[in-house]
Amino acid sequence: MRKNSKIRAGIVANSKLQETRPLADLVDTISSEQIDDRQNAWAQVAVNVWSKNQS
């Protein structure tokens, strides 16, 4: 029984992968440098908001 459910789960997972694989090209990916730039920008905004609230 357990083996059958594992096989069934594998079949479902594979079919979902096949359904979503064509969508992978539509996903907008960013590089680690872009992630760092985005995090630095958010950190700067946080510092600016914090400094305005301190006065």
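See the structure printed just above.
A few points on the structure. (Residues numbered from 1 in each chain as written. Predicted model: local features only at pLDDT ≥ 70, side-chain atom pairs only at ≥ 80, totals over all residues. Heavy atoms only, no water.)

Now for the overall build of the protein. Each helix and strand counted, the protein has 2 helices and 0 strands in total. Since a compact globule built from 55 residues should have a radius of gyration of about 10 Å, the 22 Å found for the protein marks it as more spread out than a globular shape. Judged by the C-alpha coordinates and their principal axes, the protein covers about 65 × 30 × 15 Å. A total of 55 residues make up the protein; the buried ones form 0% of that total. Per element, the accessible surface of the protein, about 5500 Å² overall, is 57% carbon and sulfur. A distance of 20 Å separates the average location of the 8 positive side-chain charges in the protein from that of its 6 negative side-chain charges. (Helix = DSSP H or I, 4+ residues; strand = E, 2+ residues; numbered from the N terminus. Rg over C-alpha atoms; globule rule 2.2 N^0.38 Å. Buried < 20%, exposed > 50% of the residue type's maximum accessible area, 1.4 Å probe, protein only. Areas by Shrake-Rupley, 256 points an atom, 1.4 Å probe, with all protein chains shown as cover. Lys, Arg positive; Asp, Glu negative; His and termini not counted. Charge placed at Lys NZ, Arg CZ, Asp CG, Glu CD.)

With that out of the way, let us pick up a nonpolar patch on the surface. A cluster of nonpolar side chains, namely Trp42, Val45 and Val49, defines an oily patch on the protein surface of about 330 Å² accessible area. By the secondary structure assignment, Val45 is in helix α2 (residues 32-54). (Patch = residues over 30% accessible without salt bridge, like charges linked within 9 Å, V, L, I, M, F, W, Y side chains within 5 Å. Salt bridge = Lys/Arg side-chain N within 4 Å of Asp/Glu carboxyl O.)

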